[in-house]
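Fold and contact review
Chain by chain, the residues:
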Amino acid sequence: MFVKQQFMHIPDGFLSLILSLILWVVSLVVIFLAVKHYAKESDKQKLPLMGVLAAVIFAGQMLNFNVVGGTSGHLLGAALATILVGPWEAVLVITSVVTVQAVIFQDGGLLALGANIFNMAVIGVTVSYAVYTVLNKVIRKGKWAFGVKGFIAGWCSIFIAALAAALELAISGTSPANIAVPAMGGIHALIGIGEGLITLAALMFIATTKKEMLEQPEKKKSIDKSILVGGLVIALLLAVLSPLASAYPDGLEKVAEDLGFLSKGQGPLYNIIPDYAFPGIHDEKLATIAAGVIGVVLIASVALFTYRKKDNSTQK
Amino acid sequence: METENLSIIQVKDLRFAYPNASEILSRISFSVTAGEKIAIAGPNGAGKTTLLLNLTGLLQGTGEITIKGMLLEKKNFPEIRRALGLVFQSPDDQLFSNRVFDDVAYGLIYQNMEKAKITERVRKALEDVHMDTYENAVPFHLSLGQKKRIAIATVLSMQPEILLFDEPTMGLDARAKKQFLQIVQNFSQTVLVATHDMKLAAAICDRLLILNEGRLVYDGAMKVAIHNPELLERHGLDMEM
Amino acid sequence: MFSVDTRVKWVGAFVVAFVVLSIPIFTWAVYILLFSILVALCIGSQLSFRQVLKRTLLLEIPLLFILIPLPFINRSLPITTFSILGLAIHISPAELLRVVVLMLRSWLIIFAMVLFTMTTPADEILISLAALGLPVVLVNIILLMWRYLALFITDLQKISSARKLRSISPIKGKRDNGKKFIQNVKSTGSILGSLFVRAYEQSDRVYQAMLLRGFDGTLRSLKNEPLHTTQKFQMMIVLILGFCFIMGAYGIYGN
């Protein structure tokens, strides 16, 4: 029931180690800032609210409905969370969701988790916030206003996050930018419609049944300028960069090669490994065969040991 | 003045209303002597839950409430909340951890107690509600009756002198109700039970308060009230449950 | 595996991921060894290998979608061309091989993680996140989320089955597709919206329950048991093994 196809969750093995680590660091810094923000917050009720909201978003991701041509829409929830609890809190909420998906359900990798948090929690939330705040200046009143703002913020959050994921795949050399960007962008332009519509419908429902949920966060908060600017910059940068990268994939491939080169032996970690570290296994084929033999022996002996133990315990 | 010093709870002229809504509690006064077991009965929406929440300070109306001689105000909250434990109507609100042990230990951790002492208290509390083998269980997997008993344990572990119950038998089957009765009858603490289950109230308590539309309409012996079907019926109560 | 400390398992999972990602892509020997160790652990903890395999493969399906087009689109030489039903198909064997290895690499890591989660209760994994150094606030949110997730999923199932019973299926026909779609969006939105409203109220009461037990905004929990020597020893072995694998891989490949 929990296993779902989600292109946005990058698995391990698709991002280069260096990029994974860099994005882990970036995500951790943002999480750290969000935690600091909570510590300063006087309203401690936010803690249970964030936890319970994360549970709803997680549960909501299981609601599927068809968008167009067999693509099923599912929820990321970054826009909804941002609108309901504010940007810093939403970062923590989405991070929690993405982390549990990776750790418990292997939906997204372990080393790639930093990247996934970056795409969905950091980019998803900042872009939602920036778009929503800007739209707030333009559209103001009416029940539909919440919905329309939510739709646009939801769509943007998905689309931009997908572009980021595509660029990460391209930088890692997994898939060239001229394939990854249109593919990811195209699919998520559709999925984004689903996200936008669900966000819209959910917000309209809340606006009619419990309006104070939407009004409270807006009244209380002054606009967080750093996130607003950050979100706009990220959105513009990715919107401009990815078609560029797609048009000139060689440029990114160069980056990928450099990074790959780095991880293939130029990194400081590997300089300490002397060439003669393992005398006797210089021959690749020989090593492979040796590994095969060791593997078979290992599996066989463990199997034998386990089954014998099982036999003994059943005899008793 | 003498009697006031003896009473563990003293409520004077309590009024409460949510913003932009009509009064839910109006001019309520009563006092409770230590060790008393009191039922607060009344139809749905009479203000029973609101009254309990006012006693904990989670809701604050006007009037004066003193608990163990301390005025109920912000600076006394920590001490008062240690002396008085509320068992919520829905145990899902009260059991917010992923393991029974963590839930029962929660309040003690915030009292900065040592780990060994916490473990001892948690075990004792679970024993008191006959759930001593459930220390490592996941709350979500338990039945409603079991969850309710764990919820009681979360309060008992803090060793309060006053226990407040909000509709403790709501949704329970006959067996679970009986188990609850057995547990509560052993308590030596002061107990206030908000319920509309008069049978339960009569089995546990010897004093009855009846609330109706936010007013305290009866405060007297349980024995007298249960032999007065007209009184009960007037306030939406009866002994057939 | 069931009895191993969760923290040791974490180290193991990270080491597998780190090793696989840091070695050169065609180091077959290390893949084989890692695979053997994982299979051995799987058998040793008496898990059904078929079940583990099924779960790991299910998780691989989304990856296929990203990678399958690559050998056909990539123009890097050499290219083999063959035709099916008169359609000329260009395929790059080198790219195909690379894709297969990429899948294999990610599969190995998934295998390790599945092994981890199938031998550890979910709440224990989540609680152990704090031991990994994740901020306590975040761990608390995750734990609260986990606690109420099952509750909301049950709610969700109740609501949606109630809705299915109540709603009359619309008249079939092409014209109604649009209507049906809007209906669909509306009902999904209102289900989700009502869950949000419920969550809001639920969090209110949870907060009250926390306050009554002394919650003051700071987050406290009982200290973890310190690591035993055996556990430290186990971690060391895992780390050294991982280091050996990486060194070995470069030993093979470097020459």
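Counting of residues starts from 1 at the beginning of each chain's written sequence and follows it residue by residue. Whichever chain is written first is A, and whichever ligand is written first is 1; the rest continue in order. Selection of residues for local features in this predicted model requires a pLDDT of at least 70, selection of side-chain atom pairs for listing and counting requires 80 or more, and totals for whole chains, interfaces and linings are taken over all residues. Each side-chain value is worked out from all heavy atoms of the structure, with water and hydrogens disregarded.

1. Quick notes on the overall build of chain A
The condition is simple: By definition, any uninterrupted DSSP run of H or I lasting at least four residues is a helix, any uninterrupted run of E lasting at least two residues is a strand, and each is numbered from the N terminus. Here the term buried applies to any residue with accessible area under 20% of the maximum for its type, exposed to any over 50%, and partly exposed to those in between, with areas from a 1.4 Å probe on protein chains only. Working rule for contacts: check all heavy atoms of both residues, and any pair within 4.5 Å makes them a contact. Only the protein chains shown count as covering a residue, and every accessible area follows the Shrake-Rupley method with a 1.4 Å probe.
Looking only at helices and strands, chain A features 12 helices and 2 strands. Starting at the N terminus, the α and β elements of chain A follow one another as α-α-β-β-α-α-α-α-α-α-α-α-α-α. By residue count, 59% of the 316 residues in chain A fall in the buried class. Within chain A, counting contacts between residues at least 6 apart in sequence, those at least 24 apart form 78% of the total. By element, 68% of the accessible surface of chain A is carried by carbon and sulfur atoms, the whole surface being about 13,500 Å².

2. Looking at the overall build of chain B
The condition that has to hold: For the radius of gyration, the atoms used are the C-alpha atoms, and the globule rule reads 2.2 Å times the number of residues raised to 0.38.
Per the secondary structure count, chain B includes 11 helices and 10 strands. For a compact globule of 241 residues, the expected C-alpha radius of gyration is about 18 Å, and chain B comes in at 18 Å, within 12% of that figure. If you line up chain B on its principal axes, its C-alpha atoms span 50 × 40 × 40 Å. Taking as baseline every contact in chain B between residues at least 6 positions apart, the subset at least 24 positions apart corresponds to 64%. Within the structure as shown, chain B displays about 11,000 Å² of accessible surface, and the carbon and sulfur contribution to it stands at 48%.

3. A closer look at the interface of chain A and chain C
For the record, the criterion: By convention, the term buried area covers the 1.4 Å-probe accessible surface removed from two parts as they join, with the contributions of both added. For this document, the term salt bridge refers to a Lys or Arg side-chain nitrogen within 4 Å of an Asp or Glu carboxyl oxygen. Polar contacts, as used here, are pairs of N or O atoms within 3.5 Å; protein pairs need one atom able to donate a hydrogen and one able to accept it. Residues neighboring in sequence count only if both atoms are side-chain atoms. Each residue gets one label: Ala, Val, Leu, Ile, Met, Phe, Trp, Tyr, Cys and Pro are nonpolar, Asp, Glu, Lys and Arg are charged, and the others, such as Gly, are polar.
In this complex, chain A contributes 90 residues to the contact, which on the side of chain C involves 91 residues. In this assembly, chain A packs against chain C so that about 8,500 Å² is buried in total across both faces, 83% of it on carbon and sulfur atoms. If you look at where chain A meets chain C, you find 0 salt bridges. If you look at where chain A meets chain C, you find 2 residue pairs in polar contact (both at pLDDT 80 or more). The residue makeup of the side of chain A that touches chain C, split by class, is 62 nonpolar, 21 polar and 7 charged.

4. Regarding the packing of helix α6 (residues 115-128) of chain B against helix α7 (residues 144-156) of chain B
When two helices pack together, you describe them by how their axes are tilted relative to each other and by the distance separating the axes. All names here are of chain B. As a reminder, the rule being used: Only C-alpha atoms enter the line fits that serve as axes; for helices the fit covers just the stretch in contact. Angles between N-to-C directions range over 0 to 180 degrees. Each angle gets one of four labels, with under 35 degrees taken as roughly parallel, over 145 as roughly antiparallel, 65 to 115 as roughly perpendicular, and the rest as oblique. Here a crossing is taken to be left-handed if its near helix is turned anticlockwise relative to the far helix by less than a right angle, and right-handed if that turn runs clockwise.
Contact geometry of α6 with α7 gives a least axis separation of 8 Å together with a crossing angle of 140°. Regarding the angle of α6 to α7, the classification is oblique. For the element pair α6 and α7, the recorded crossing hand is right-handed. Contact residues: α6 offers Ala 125, Leu 126 and Asp 128, while α7 offers Ile 150, Ala 153 and Leu 156.

5. What about the interface of chain B and chain C?
Listed as interface residues are 28 residues of chain B and, on the opposing side, 30 residues of chain C. Of the roughly 2,700 Å² buried where chain B meets chain C, counting both sides, 57% is carbon and sulfur surface. Its largest share of buried area at the contact with chain C, chain B owes to Phe 96, Asn 98 and Tyr 110 of chain B, together 27% of the area lost on that side. Counting the contacts that link chain B with chain C gives 4 salt bridges. Counting residues per element, the side of chain B that touches chain C draws most heavily on helix α5 (residues 100-109) of chain B, at 6 residues. Looking at the side of chain B that touches chain C residue by residue, the classes come out as 14 nonpolar, 7 polar and 7 charged.

6. Let's talk about the sheet that holds strand β2 (residues 23-33) of chain B
Formally: Strand pairing is defined by DSSP finding a minimum of two bridges between the two strands.
Read from one edge to the other, the open sheet built from 4 strands follows the order β2-β1-β4-β5 (chain B), with strand pairing classed as antiparallel. Every other strand in the sheet has two partners, leaving β2 and β5 (70-71) of chain B as the edge strands with one partner each.

7. Thoughts on the side chain of Glu 36 of chain B
All names here are of chain B. One can find Glu 36 in the loop between β2 and β3 (37-41). Within the structure, the side chain of Glu 36 is placed 3.0 Å from the side chain of Arg 207, a separation counted as a polar contact. Those residues in contact with Glu 36 that sit more than four places away from it in its chain are Ser 31, Gln 189, Thr 190, Val 191 and Arg 207.

8. Regarding the sheet that holds strand β10 (residues 215-221) of chain B
Residue and element names in this part refer to chain B. Read across the open sheet, the 6 strands follow the order β6-β7-β8-β3-β9-β10; overall the sheet is mixed. A strand with exactly one partner marks an edge of an open sheet, and here the two such strands are β6 (84-87) and β10. Between one strand axis and the next, the sheet turns by 15° as a mean value, whatever way the strands run. The sheet contact formed by strand β9 (residues 207-212) and β10 spans 6 bridges and is antiparallel. Bridge pairing in β10 places Asn 212 opposite Arg 215. Taken strand by strand, α7 contacts β6 and β7 (162-166), and its axis lies near 165° from that of β6.

9. Quick word on the environment of Glu 114 of chain B
Structurally, the position occupied by Glu 114 of chain B is in the loop between α5 and α6. Distance in space between the C-alpha atoms of Glu 114 of chain B and Val 87 of chain B is 25 Å, their sequence separation being 27 residues.

10. Concerning helix α5 (residues 113-138) of chain A
Helical geometry note: an α-helix holds 3.6 residues per turn, so side chains three or four residues apart project in the same direction. Residue and element names in this part refer to chain A. Note the following rule: Expected span of a helix: the number of residues minus one, times 1.5 Å. One axis is fitted to the seven residues ending at the residue and one to the seven starting there. The bend at that residue is the angle between these axes.
In this model, α5 (26 residues) spans 36 Å end to end at C-alpha, consistent with the 38 Å of a helix rising 1.5 Å per residue. The largest bend in α5 comes to about 25°, at Ile 123. Within α5, 23 of the 26 residues are buried, leaving the element largely enclosed by the surrounding structure.

11. Here we look at the packing of aromatic side chains
Applicable threshold: Centres within 6.5 Å are what make two rings of Phe, Tyr or Trp a pair, Trp counting through its six-membered ring; a difference in plane orientation under 30 degrees is then read as stacked, over 60 as edge-to-face, and the rest as tilted. For a lysine, the NZ atom is tested; for an arginine, the CZ atom; a charge sits over a ring if that atom is within 6 Å of the ring centre and within 35 degrees of the ring normal.
Tallied over the entire structure, the rule returns 14 aromatic pairs over all chains. Ring centres of Tyr 207 of chain C and Phe 215 of chain C lie 6.4 Å apart, and the angle between their planes is 85°; this geometry places the pair in the edge-to-face category. Summarising the burial analysis for this pair, Tyr 207 of chain C and Phe 215 of chain C share the class buried. Members of the aromatic cluster, connected to one another through ring pairs, are Phe 96, Tyr 106 and Tyr 110 of chain B together with Tyr 207 and Phe 215 of chain C. The positively charged end of Arg 81 of chain B is found above the aromatic ring belonging to Phe 77 of chain B, 4.3 Å away from the centroid.

12. Here's the deal with a nonpolar patch on the surface
The criterion, for reference: Like-charged residues are merged into a patch within 9 Å and nonpolar side chains (Val, Leu, Ile, Met, Phe, Trp, Tyr) within 5 Å, provided each residue has over 30% relative accessible area and no salt bridge.
Together, Val 229, Val 233, Leu 237, Val 240, Leu 241 and Leu 244 of chain A line one region of the surface with nonpolar side chains, adding up to about 530 Å² of accessible area. Along the chain, the position of Val 240 of chain A falls in helix α9 (residues 225-247).

13. Describing the pattern of salt bridges
Within the structure shown, the criterion is met by 19 salt bridges over all chains. In this structure, Asp 123 of chain C engages Arg 99 of chain B in a salt bridge whose closest nitrogen and oxygen atoms are separated by 3.0 Å. Taken together, the residues Asp 123 of chain C in helix α6 (residues 122-128) and Arg 99 of chain B in the loop between α4 (91-94) and α5 connect one chain to another. Comparing Asp 123 of chain C with Arg 99 of chain B shows no difference in burial state: the two are buried.

14. A few points about the packing of helix α1 (residues 17-40) of chain A against helix α4 (residues 87-105) of chain A
Residues and elements named next belong to chain A. Two elements in contact, α1 and α4, have axes separated by 9 Å at closest approach and are oriented at 125°. With respect to their mutual orientation, α1 and α4 come out oblique. Handedness of the crossing formed by α1 with α4: left-handed. Here α1 contributes Val 30, Ile 31, Leu 33, Ala 34, Val 35 and His 37 to the contact with α4, which in turn contributes Trp 88, Glu 89, Val 91, Leu 92 and Thr 95. Residue composition of the contact of α1 with α4, grouped by class: 8 nonpolar, 2 polar and 1 charged.

15. Description of the confidence of the model for chain A
All names here are of chain A. Stated precisely, the cut-off is as follows: pLDDT runs from 0 to 100 and stands for how confident the predictor is about each residue.
For chain A, the average pLDDT comes to 77, and 75% of its residues sit at 70 or higher. By mean pLDDT, helix α11 (residues 268-271) is the weakest element of chain A at 39, and α4 is the strongest at 92. Low pLDDT (under 50) marks residues 1-5, which in the prediction has 15 contacts with non-local residues, meaning those over four places away or in another chain. Every residue in residues 261-280 is under pLDDT 50, and counting partners more than four places away or in other chains gives 21 contacts.

16. Digging into the pairing of β3 of chain B
All names here are of chain B. For β3, a buried count of 5 out of 5 residues is recorded, marking the element as mostly surrounded by other parts of the structure. Neither face of β3 is open: one carries Lys 37, Ala 39 and Ala 41, the other Ile 38 and Ile 40, and all of them are buried. Taken together, the 5 bridges between β3 and strand β8 (residues 190-195) define a ladder with parallel strand orientation. Each residue of the ladder has a partner; that of Ile 38, found in β8, is Leu 192. Where β3 meets β9, 4 bridges bridge the pair, whose relative direction is parallel. Note that in β9 the partner of Ala 39 across the bridge is Leu 208.

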